[in-house]
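# Survey of secondary and tertiary structure
One-letter residues, chain by chain:
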Amino acid sequence: RTNADEGVGLRTDEWVYYCAQIRPYYDQLNGIIGQLAGLMILGQARSCFEAYYSLAATPLDQIDECRSALATVRPPAIAAKHFTHLSHAAQRVDDSARALRQSVASPEQLRTEIPRMVSELEAASSILRCAADPLVRLQTIDFGQGCACCSALPIPPSTLASTRA
């Protein structure tokens with residue numbers, strides 16, 4: 001079974017097709033959330049302001065690109081509510097990215113904005129978890145290759161011998 005076959009027979013064709021369309025944006029939103037969270041941590045360090053200022057523009061560019069691409073998706077009727085949730089999550093991420101970019105020049109403003117931005121990112125992440133469908137690989141964390149016991153790769157005998165020594 002290939003990744004393209006995920007969900008086939010378990011979900012309607014419309015749903016599988018819709019999920020294939022939005023999956024790159026779903027994954028991108030998750031990535032931007034992580035990036036913004038990292039930048040907020042970095043923003044607490046006073047010694048790296050120059051690098052921080054330039055890095056703060058990147059998530060804003062990415063969320064603009066993501067939201068523009070999402071606007072081109074025409075969800076089927078069965079996915080309208082899901083798409084609305086995805087759009088709300090994107091809006092919250094956008095709000096945080098814009099707030100970060102606007103407050104990055106002022107460490108004091110940044111410190112006061114961080115709790116609100118964290119709340120927005122938590123809400124966006126919660127929406128994405130709610131919108132997850134692992135059968136079609138829409139999930140906040142991809143556990144597809146996560147099980148060491150079920151790995152398709154055989155363990156080389158030399159590795160086993162070295163672990164016994």
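Read on for a plain summary of the structure. Worth saying up front: this structure is predicted, and the values here are computed from it rather than measured. (Residues numbered from 1 in each chain as written. Predicted model: local features only at pLDDT ≥ 70, side-chain atom pairs only at ≥ 80, totals over all residues. Heavy atoms only, no water.)

### A few points about the overall build of the chain
Put simply, the rule is: Runs of E in the DSSP output that reach at least two residues are strands. Runs of H or I that reach at least four are helices, and both are numbered from the N terminus. Burial classification: accessible surface area is computed with a 1.4 Å probe over protein chains only, and a residue below 20% of its type maximum counts as buried, one above 50% as exposed, and the rest as partly exposed. Two residues form a contact once any of their heavy atoms are found within 4.5 Å. All accessibility values rest on the Shrake-Rupley procedure with a 1.4 Å probe; residue burial counts only the protein chains present in the view.
When helices and strands are tallied, the chain shows six helices and zero strands. Ordered by position from the N terminus, the helices and strands of the chain form the series α-α-α-α-α-α. Within the span of the chain, comprising 165 residues, buried residues form 34% of the whole. Considering only contacts within the chain whose residues lie at least 6 apart along the sequence, 76% involve residues at least 24 apart. With the model as given, the accessible surface of the chain reaches about 9,900 Å², and the carbon-plus-sulfur share is 58%.

### Focus: the packing of aromatic side chains
Two numbers describe a pair of aromatic rings. These are the distance of the centres and the angle of the planes. What counts here: Any pair of Phe, Tyr and Trp rings, taking the six-membered ring for Trp, is counted once the centres come within 6.5 Å. Such a pair is stacked with planes under 30 degrees apart, edge-to-face with planes over 60 apart, and tilted for the rest.
Applying the stated rule across the entire model yields one aromatic pair. Ring geometry for W15 and Y18: centres 5.5 Å apart, planes at 45 degrees, overall tilted. A residue pair is termed a helical-turn pair when its members lie 3 or 4 positions apart in one helix, as W15 and Y18 do in helix α1 (residues 13–43) at three residues. When its relative accessible area of 12% is taken as the criterion, W15 is described as buried.

### Here's the deal with the packing of helix α4 (residues 80–103) against helix α5 (residues 107–130)
Put simply, the rule is: To get an axis, fit a line to the C-alpha atoms, keeping to the stretch in contact for a helix; angles then go from 0 to 180 degrees between the N-to-C directions. Roughly parallel means an angle under 35 degrees; roughly antiparallel means over 145; roughly perpendicular covers 65 to 115; every other angle is labelled oblique. Crossing chirality is assigned from the near helix's rotation relative to the far helix, an anticlockwise turn below a right angle marking it left-handed and a clockwise turn marking it right-handed. The residue classification treats Ala, Val, Leu, Ile, Met, Phe, Trp, Tyr, Cys and Pro as nonpolar and Asp, Glu, Lys and Arg as charged. All others, Gly included, are polar.
Where α4 meets α5, the closest approach of the two axes is 9 Å, and the angle between their N-to-C directions is 165 degrees. When the interaxial angle is binned, α4 and α5 end up roughly antiparallel. The interaxial crossing formed by α4 with α5 has left-handed handedness. Residue-level contacts link H85, L86, H88, A89, R92, V93, D95, S96, A99, L100, Q102 and S103 of α4 to Q109, L110, E113, R116, M117, E120, L121, A123, A124, I127 and L128 of α5. Classifying every residue of the contact of α4 with α5 by side-chain character gives twelve nonpolar, six polar and five charged.

### Quick notes on the pattern of salt bridges
Using the following cut-off: Any carboxyl oxygen of Asp or Glu that lies within 4 Å of a side-chain nitrogen of Lys or Arg is treated as forming a salt bridge with it.
For the coordinates displayed, the defined rule picks out eight salt bridges. D94 is the partner of R67 in a salt bridge, and the nearest nitrogen-oxygen pair spans 3.6 Å. Here R67 is found in helix α3 (residues 57–70), whereas its partner D94 is found in helix α4, with 27 residues between them in sequence. A residue is classified by how much of its surface remains accessible, and R67, at 30% relative accessible area, is partly exposed. Taken together, the shared-partner salt bridges connect D64, R67, D94 and R98 into one network.

### A look at the side chain of E120
Examined against the element boundaries, E120 turns out to sit in helix α5. Those residues within four positions of E120 in sequence are excluded, and the remaining contacts are R92, D95 and S96.

### Section: the nonpolar core
As a reminder of what qualifies: Put simply, a nonpolar core is a bunch of buried Ala, Val, Leu, Ile, Met, Phe, Trp, Tyr and Cys residues held in one set by side-chain atoms that sit within 4.5 Å of each other.
In terms of nonpolar packing, the biggest core is built from 38 residues, with Y18, I22, L29, L36, I63, L86 and V93 touching the most fellow members. When sequence neighbours within four positions are dropped, the list of residues in contact with V93 reads L29, I32, I33, L36, I63, L121 and A124.

### Let's talk about unusual backbone geometry
Glycine aside, residues mostly have negative phi, and peptide bonds are mostly found in the trans state. Unusually for a residue other than glycine, R137 sits at a positive phi of about 65 degrees. Of note, R137 is situated in the loop between α5 and α6 (157–164).

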